[in-house]
Amino acid sequence: MRERVEQAVDAAALAKETGFGPEVMRYIEKSLLLQVFDTVWKEHLLALDHLRQGIGLRAYGQRDPLNEYKSEAFALFNAMLEEMRERVTHMLSRVALSAEPPTPLPEPAFGRMLESHPDPTGRGNTDVAEMEPFTITVGSAPAIDPNDPATWVNTPRNAPCPCGSGNKYKHCHGRMG
């Protein structure tokens, strides 16, 4: 009975390989193996973490926790390998490729994409190519006269104090209170 099942599985695998081609089949096998191995390995690490958290209780039963951990971790590893074999075999038996090329994505209804920015004048969005160049003029700040304390009110807090003390304005003449 076992031999007939193995022969049927081998025949199905051979038929898939001849249908897909050997290069494509090897690529599919490698991809599935890596994907399954990644998933099963993460599950194995999680199981080892759970085992590590509970292994200390074995000392109450007069058993060496290190030896218990080693033996159970080895059993978990063998179970992981078996699970990986089963999953890969299961996925390979169900893999199917379609002969038709993938359908292209539909064109967006709005056509090509344009970079646009909101117009600060309120006329709506404008295309970057249609925007006119502009210049920014910075207004002149009132001059700070080191000899006139009345002009010091517009001094930035972290700027040096105009009195020449070397301290920041906030720690010198700009101190609150």
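It should be emphasised that the depicted structure is a prediction, and the values quoted were computed from it without experimental measurement.

A. Fine view of the pattern of salt bridges. In total, this model carries nine salt bridges according to the counting rule given. A salt bridge links D38 to K42; its shortest N-O distance comes to 3.4 Å. With D38 and K42 both in helix α2 (residues 22-54), this residue pair falls four residues apart, about one helical turn. Looking at K42, the relative accessible area reads 53%, which means it is exposed. For E43, the salt bridge goes to R87, with nearest N and O atoms at 3.1 Å. Separated by 44 residues along the polypeptide, E43 in helix α2 and R87 in helix α3 (residues 65-94) bring together distant segments of the chain. A residue is classified by how much of its surface remains accessible, and R87, at 24% relative accessible area, is partly exposed. One continuous salt-bridge network, built from bridges that share partners, spans E17, R26 and E29.

B. Broad picture of a nonpolar patch on the surface. Together, F37, W41, L45 and F77 line one region of the surface with nonpolar side chains, adding up to about 340 Å² of accessible area. At three residues, the largest contribution of residues to the nonpolar patch is made by α2. Here F77 is to be found in helix α3. Owing to a relative accessible area of 33%, F77 belongs among the partly exposed residues under this scheme.

C. Spatial organisation of the state of the cysteines. All chains considered together, the criterion is met by zero disulfides. The structure places no disulfide on C172, whose sulfur is separated from the nearest cysteine sulfur, that of C161, by 3.6 Å. Residue class for C172 comes out buried when judged on its relative accessible area of 18%.

Conventions used here
Residues numbered from 1 in each chain as written. Predicted model: local features only at pLDDT ≥ 70, side-chain atom pairs only at ≥ 80, totals over all residues. Heavy atoms only, no water. Salt bridge = Lys/Arg side-chain N within 4 Å of Asp/Glu carboxyl O. Helix = DSSP H or I, 4+ residues; strand = E, 2+ residues; numbered from the N terminus. Buried < 20%, exposed > 50% of the residue type's maximum accessible area, 1.4 Å probe, protein only. Patch = residues over 30% accessible without salt bridge, like charges linked within 9 Å, V, L, I, M, F, W, Y side chains within 5 Å. Areas by Shrake-Rupley, 256 points an atom, 1.4 Å probe, with all protein chains shown as cover. Disulfide = S-S within 2.5 Å.

Scope: geometric values only; no functional claims are made or implied.
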